[in-house]
Amino acid sequence: MAASAACRTAGAAGSTSAVALQRRRLDRIGIQLYTVRAQMRADMSGTIAQIAALGYKDVEFAGYFGRTSAQVRDLLAANGLKSPSTHIGFDAMKTDWDKSYDDALTIGQEFITVPSPPNGTASTVAAWQRVADDFNAAGEKAKARGLTLGYHNHYTEFAAI
């Protein structure tokens, strides 16, 4: 219900939600490369080419499989693809903020998404408060570079503490 309400426009008053949804068209469809990670590991170039041949225009990385950011950028360009977003583990990103952000910018990404809490996150309120502080600092660093930092939550983050 929330999705259909969000898709309604003022001009759609009286229209069914199905009609309102039909009015909204996506110009670009993307794929999260984590879903084909085994194929990416075995043959990144071939997998990227197949994804482009299927008609995808955008990809979201979950690792660069030993390639430099310039190699990734060039591979995407050769296949007519863009990568507006990437998933990077918080601990890996925290090891070298500048490299993580430089890589994203070289590839042409605007969004960095952390896919899970940092290693060692305990199940205490204080631990999660430290994680929030770390994320706020990371977000400020990303913002200063023109990037947006996000978090891909899972069910575990909703456990009662």
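Our subject is the structure listed above.
Below is a short write-up of the structure. (Residues numbered from 1 in each chain as written. Predicted model: local features only at pLDDT ≥ 70, side-chain atom pairs only at ≥ 80, totals over all residues. Heavy atoms only, no water.)

## Looking at the environment of Ala 49
Put simply, the test is: In this description a helix means any DSSP run of H or I spanning at least four residues, a strand means any run of E spanning at least two, and both kinds are numbered starting from the N terminus. Note on exposure labels: buried denotes an accessible area under 20% of the residue type's maximum, exposed denotes more than 50%, and partly exposed covers the range between, all computed with a 1.4 Å probe on protein chains only.
Within the fold, Ala 49 resides in helix 4 (residues 44–53). For Ala 49, a relative accessible area of 32% corresponds to the partly exposed category. For the pair Ala 49 and Gly 80, spaced 31 residues apart in sequence, the C-alpha separation works out to 9.2 Å.

## Some remarks on the pattern of salt bridges
The condition that has to hold: The term salt bridge refers to a pairing of a side-chain nitrogen on Lys or Arg with a carboxyl oxygen on Asp or Glu at a separation within 4 Å.
Evaluated as defined, the whole model comprises 4 salt bridges. The shortest N-O distance in the salt bridge between Asp 74 and Arg 73 comes to 3.2 Å. You can call Asp 74 partly exposed: its relative accessible area is 44%. For Arg 73, a relative accessible area of 36% gives the class partly exposed. Of the charged contacts in the structure, one is a salt bridge between Asp 98 and Arg 145, with a shortest N-O distance of 3.6 Å. Of this pair, Asp 98 sits in helix 7 (residues 97–107) while Arg 145 sits in the loop between helix 8 (125–144) and strand 5 (148–151), and the two are 47 residues apart along the sequence. Here Asp 98 falls in the partly exposed class, since its relative accessible area comes to 49%.

## Re the pairing of strand 4 (residues 111–114)
The condition is simple: Strands are treated as partners if at least two bridges between them are detected by DSSP.
Sheet topology places strand 3 (residues 82–87) next to strand 4; 3 bridges connect them, and they run parallel. Across the sheet, residue Ser 85 finds its bridge partner in strand 4, namely Phe 111. With 4 bridges connecting them, strand 4 and strand 5 associate as parallel partners. Each bridged residue has a counterpart across the sheet, and for Thr 113 the counterpart in strand 5 is Gly 150.

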